[in-house]
Amino acid sequence: VQLQASGGGLVQAGGSLRLSCAASGRTFRNYAVAWFRQAPGKEREFVAGISRSGGITSYTDSVKGRFTISRDNAQSTVYLQMNSLKPEDTAVYYCAVDRGRVVAGNDPLLYDYWGQGTLVTVSS
């Protein structure tokens with residue numbers, strides 16, 4: 001599975017961005033998918049996850065109510081809509097695929113494939 005993340009950029013605090021993660025292969029619908037992020041000098045952290053069918057989503061507390069994860073299995077793409085962005089959201093955002101589970105977990109060690117990352121910078 002190859003993952004291509006896009007949609008990052010520079011935005012002012014309070015603004016919005018939508019990240020996309022496009023996957024190769026026809027079995028994308030069989031995978032749980034998550035977004036992680038890594039800020040300079042910090043560990044990679046879970047942001048949001050979505051189950052195979054899209055029916056179950058989860059978020060880290062700091063983004064609840066601001067970010068929405070969704071997927072289009074026909075297009076083999078997962079999205080992360082980010083609203084009300086804050087400077088502390090600044091990081092490289094990565095999408096990742098877990099082949100083994102129905103529901104996305106928050107441990108990066110569970111994930112088998114990773115995209116290359118897309119940089120999100122939020123200015124104050």
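Please refer to the structure placed before this passage.
Residues numbered from 1 in each chain as written. Predicted model: local features only at pLDDT ≥ 70, side-chain atom pairs only at ≥ 80, totals over all residues. Heavy atoms only, no water.

Trainee: Would you mind going over the overall build of the chain in detail, with residue names and values included?
Mentor: Within the chain, the secondary structure is distributed over 0 helices and 11 strands. The N-to-C order of helical and strand elements in the chain reads β-β-β-β-β-β-β-β-β-β-β. Relative to the 2.2 N^0.38 estimate, which gives 14 Å for 124 residues, the radius of gyration of the chain is 13 Å and therefore close to what a compact globule would have. Seen through its principal axes, the chain has C-alpha atoms that stretch 40 × 25 × 25 Å. Taken across its 124 residues, the chain has 44% of its residues classed as buried. Counted over contacts in the chain with a minimum sequence separation of 6, partners at least 24 positions apart contribute 57%. Carbon and sulfur atoms provide 46% of the accessible area of the chain, an area that totals close to 6,200 Å². Charge separation in the chain, taken as the distance between the mean sites of 13 positive and 9 negative side-chain charges, equals 7 Å. (Helix = DSSP H or I, 4+ residues; strand = E, 2+ residues; numbered from the N terminus. Rg over C-alpha atoms; globule rule 2.2 N^0.38 Å. Buried < 20%, exposed > 50% of the residue type's maximum accessible area, 1.4 Å probe, protein only. Contact = heavy atoms within 4.5 Å. Areas by Shrake-Rupley, 256 points an atom, 1.4 Å probe, with all protein chains shown as cover. Lys, Arg positive; Asp, Glu negative; His and termini not counted. Charge placed at Lys NZ, Arg CZ, Asp CG, Glu CD.)

Trainee: If you had to explain the packing of aromatic side chains to someone new, which residues and values would you point to?
Mentor: Scanning the model with the defined rule gives 5 aromatic pairs in all. When the centroid spacing of 6.5 Å and the interplanar angle of 80° are considered together, the rings of Tyr94 and Trp114 count as edge-to-face. Here Trp114 lies in strand S10 (residues 113–114) and Tyr94 lies in strand S9 (residues 91–98), a separation of 20 residues in the sequence. Residue classification places Tyr94 among the buried positions, given a relative accessible area of 14%. (Phe/Tyr/Trp six-rings, centres within 6.5 Å; stacked < 30°, edge-to-face > 60°.)

Trainee: Explain the pattern of salt bridges residue by residue, including any values.
Mentor: For the structure on display, the rule yields 6 salt bridges. Residue Asp89 pairs with Arg37 through a salt bridge whose shortest N-O separation is 3.0 Å. With a gap of 52 residues between them, Asp89 in the loop between strand S8 (77–82) and S9 and Arg37 in strand S4 (residues 32–38) connect regions that are remote in the sequence. Taken individually, Asp89 and Arg37 each receive the classification buried, so the pair is uniform in this respect. Among the ionic pairs, Lys64 bridges to Asp61, the shortest N-O distance being 3.0 Å. (Salt bridge = Lys/Arg side-chain N within 4 Å of Asp/Glu carboxyl O.)

Trainee: Just give me the short version of the state of the cysteines, but keep the residues and values in it.
Mentor: According to the stated counting rule, one finds 1 disulfide in the structure shown. Bridging Cys21 to Cys95, the disulfide has an S-S length of 2.1 Å. One disulfide, between Cys21 and Cys95, carries an S-S torsion of 70° and so falls in the right-handed class. In this pair, Cys21 is assigned in strand S3 (residues 17–23) and Cys95 in strand S9, connecting sequence segments 74 residues apart. (Disulfide = S-S within 2.5 Å.)

Trainee: So what's going on with unusual backbone geometry? Residues and values would help.
Mentor: A positive phi is found at Ser76, a non-glycine position, where the angle reads about 50°. Here Ser76 is to be found in the loop between strand S7 (67–72) and S8.

Trainee: I'd like to hear about the nonpolar core, residue by residue, with values.
Mentor: Among the nonpolar cores identified, the biggest contains 29 residues, and Trp35, Leu80, Met82 and Tyr93 are the most heavily contacted of them. Among the elements of the structure, strand S1 (3–6), S3, S4, strand S5 (45–50), S7, S8, S9 and strand S11 (118–123) are those that each provide at least two residues to this core. Beyond its immediate sequence surroundings of up to four residues, Tyr93 is in contact with Leu19, Trp35, Phe36, Arg37, Val47, Phe67, Leu80, Met82, Gly117, Thr118 and Val120. (Core = buried A, V, L, I, M, F, W, Y, C linked by side-chain atoms within 4.5 Å.)

Note that every value here comes from positions in space, so none of it alone points to a role or purpose.
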